[in-house]
Amino acid sequence: MKYAFRAVSSALLLAAAGALAAVTVLAVATALVVAFMAGGRWAVGADIGVVGILAAVGVGVLAARRRRRKPLVGVPVTTSEQPLLWVEIYRVAEGVGTRPPDELWLVPDANVAASQHRTWLGLRPGVRRMRLGLPLLAGLTERQLRAVITLEFRRRWGPALLGRVIDRVTEIIGRVVDTLAEHSRVGRIFGIFRLYGGVYLAVSGPVSRRHELDADRLSAELAGNDATAAALRELPVLRRGWDVFVNAYTEPAATVGRRPRDVFGGFASFLEEPDRRAQLVQEAGAPASAQLSAHDSQLSLGDRLAAVASLPEDDMHDRSRPAMDLLRDANKVIRLVEESMFGESGLVPAAWEDIVPAAARAAACQDALQLARLGDQGGLGSTLSVATVLDLMSFGLAEEMVRPMLAEGASQEAQRQMASRLVTGFFTTAAIESGTASYRFSWAAPRLLVDDQGAVDSLPRLVGTALADQSEVPALELWLKSHRVGRELDLGADLELGADFELGVDLGQAVQEDLPDGPAESPRHDPLDGPRPLWVPLPGIPSI
């Protein structure tokens, strides 16, 4: 009974918003008609108002059409090309009680998305399209993939119309609020939408959560309890893993004019790294249940797993094959999807073992040049010496030096992390120039620094410790001496890279052009995101 009341209340809130919009349009139209009838200046003002409204509507329609025309990244597959995969799609559609998609795309993303773009103001059904991330095929079994597809079909195309509408409106409200929050001139409008969104979520939240539990139950019926629970646990790990992999390994390759020759093979190796996978599981979140507030529109992972565990036991144990086995000629499909990732970027394919160390050195060089530029802005000259950096750290001034790169009001911890990254890059570049350090390829870390004997170096830890406690600076000086880096060594805009670093990109010039000209024009971004990367845009690849 309470869910029916909340469903009716949610529908009334939607109707109220629509009625408010209709009343506003009617009021504006009435005002324009009255102005036309009044004649004189009023009529001229009405003409200007009509032209302005038509122009705004036209710009909005064109912008919407441009968004819709954004090319899809991925590979479309037909029933004749991939019959086994389509059989799974048809099986799920029949189980959900909905029409199967018209198109199926395999995309370079760790998500599954079902969409249907209607035409004629939503009155005419459009093409049903399903986008299935190839990383999911690499990390799930056939039954787990069936469970994931079922969840998306039920959420987007299932019979519970009101639940789908509520979920869709919740997404729209979230986007509107986020957009308005970025503009300081719409404070009152932002406040109104935020208040409305809060009330809507408080009323519709339980309905959305019930809709989500219904989708989980249906998924368990079609794929089995074990496969559904495993899919719920594995999906956030795969998504987080793909984001980290792309951000740390794939995108930096473009800074040296290269792209990986085997993206998805690298992703599989990345997931098999024991330490990395444990980190991803931790970052994805433990399945511990938490108390939900009235404004939470989705259940926690722990609550969803508990709900699946409470279902009657079935005899559907997951002994299915890896989902990748559903593909016919999987290697060919993988190559086509990889080609779609890079489009016309012009990047040259290369092995991971060559790309990762080169990209790491490029990033360290960029950090070193950024620190030198900040020193130049602070009056320390066009070059920055090792001795100057050590003195700045000894007096606790390194954090203040990097402050122009951060947003106003950045915390002390954010300043320290930024200083640690730039100082580490500076000393790393100095050691590499001295021939006593280098980067080694590893799936455990994208920037694994080793000494000339091949042992893993402790420079990042030493820098972080010295920034937190100035008395630890002498330990950092000992590291520099052991790596034959003299205090008089200085780095600046004229830093030259070794011949082994020439990979088709004039990195020194590119980094120099990318650096800010002064504090007033310094980039404002999250210090944890790292410097602005120098990369050729890669369509379809998401960022963290």
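For the structure itself, look to the data block above.
From a predicted model like this one, the values you see are computed outputs, not experimental measurements.

## Focus: the nonpolar core
Of all hydrophobic cores here, the largest spans 58 residues; its most connected members are Leu106, Leu132 and Phe245. Among the elements that line this core, the one with the most residues is helix H8 (residues 225-250), at 10 residues. Every residue in contact with leucine 106, bar those within four places of it in the chain, is listed here: Gly74, Val75, Val77, Leu85, Leu132, Leu134, Leu137, Leu327, Val333 and Val337. Of all hydrophobic cores here, the second largest spans 40 residues; its members include Val386, Val402, Phe426 and Val463.

## A look at unusual backbone geometry
If you check the backbone angles, aspartate 329 has positive phi at about 55° while not being a glycine. You can see aspartate 329 is positioned in the loop between helix H11 (301-309) and helix H12 (330-342). Relative accessible area serves as the criterion here: at 46%, aspartate 329 is assigned to the partly exposed category. Look at arginine 484: it is not a glycine, yet its phi comes out positive at around 55°. Here arginine 484 shows up in the loop between helix H18 (473-482) and strand S10 (490-492).

## Considerations on the packing of helix H5 (residues 142-157) against H8
The contact between H5 and H8 brings their axes to 8 Å, and the two run at 75°. In terms of axis orientation, H5 runs roughly perpendicular to H8. Between H5, through Arg143, Gln144, Ala147, Val148 and Leu151, and H8, the contact on the second element is made entirely by Ala227, Thr228, Ala230, Ala231, Leu232 and Leu235.

## Quick look at the sheet that holds strand S2 (residues 103-107)
One open sheet accounts for 4 strands, arranged S1-S2-S4-S3; its pairing is mixed. The sheet terminates laterally at strand S1 (75-77) and strand S3 (112-116), the two strands that pair on one side only. When strand polarity is set aside, the average angle formed by the axes of neighbouring strands in this sheet is 25°. Pairing analysis gives 5 bridges linking S3 to strand S4 (residues 128-133), with the strands arranged antiparallel. Each residue of the ladder has a partner; that of serine 115, found in S4, is arginine 129. In the packing of helix H3 (residues 83-96) onto the sheet, contacts are made with S1, S2 and S4, and the angle to S2 comes to roughly 120°. Where H5 meets the sheet, it contacts S3 and S4, and its direction lies at approximately 30° from that of S3.

## Details of the environment of arginine 233
Tracing the sequence through the fold places arginine 233 in helix H8. Counting along the chain gives 71 residues from arginine 233 to arginine 304, while the straight-line C-alpha distance between them is 10.0 Å.

## Let's talk about the pairing of S4
When you tally the buried positions in S4, you get 5 out of 6 residues, the bulk of the element. Examined bridge by bridge, S2 and S4 share 5 bridges and lie parallel to one another. Among the inter-strand pairings, glutamate 103 is bridged to a residue of S4, identified as arginine 129.

## Digging into the pattern of salt bridges
A full pass over the atoms with the stated rule returns 18 salt bridges. Salt-bridge contacts for arginine 321 lead to glutamate 142; the nearest nitrogen and oxygen are separated by 2.7 Å. One end of the pair, arginine 321, is in the loop between H11 and H12; the other, glutamate 142, is in helix H5, with 179 residues separating them in the sequence. Residue class for arginine 321 comes out partly exposed when judged on its relative accessible area of 40%. Taken together, the shared-partner salt bridges in this structure form one network comprising Glu88, Arg91 and Arg146.

Parameters at a glance
Residues numbered from 1 in each chain as written. Predicted model: local features only at pLDDT ≥ 70, side-chain atom pairs only at ≥ 80, totals over all residues. Heavy atoms only, no water. Core = buried A, V, L, I, M, F, W, Y, C linked by side-chain atoms within 4.5 Å. Buried < 20%, exposed > 50% of the residue type's maximum accessible area, 1.4 Å probe, protein only. Helix = DSSP H or I, 4+ residues; strand = E, 2+ residues; numbered from the N terminus. Contact = heavy atoms within 4.5 Å. Axes fitted to C-alpha atoms, helices over the stretch in contact; angles between N-to-C directions. Parallel < 35°, antiparallel > 145°, perpendicular 65-115°, else oblique. Pairing = 2+ DSSP bridges. Salt bridge = Lys/Arg side-chain N within 4 Å of Asp/Glu carboxyl O.

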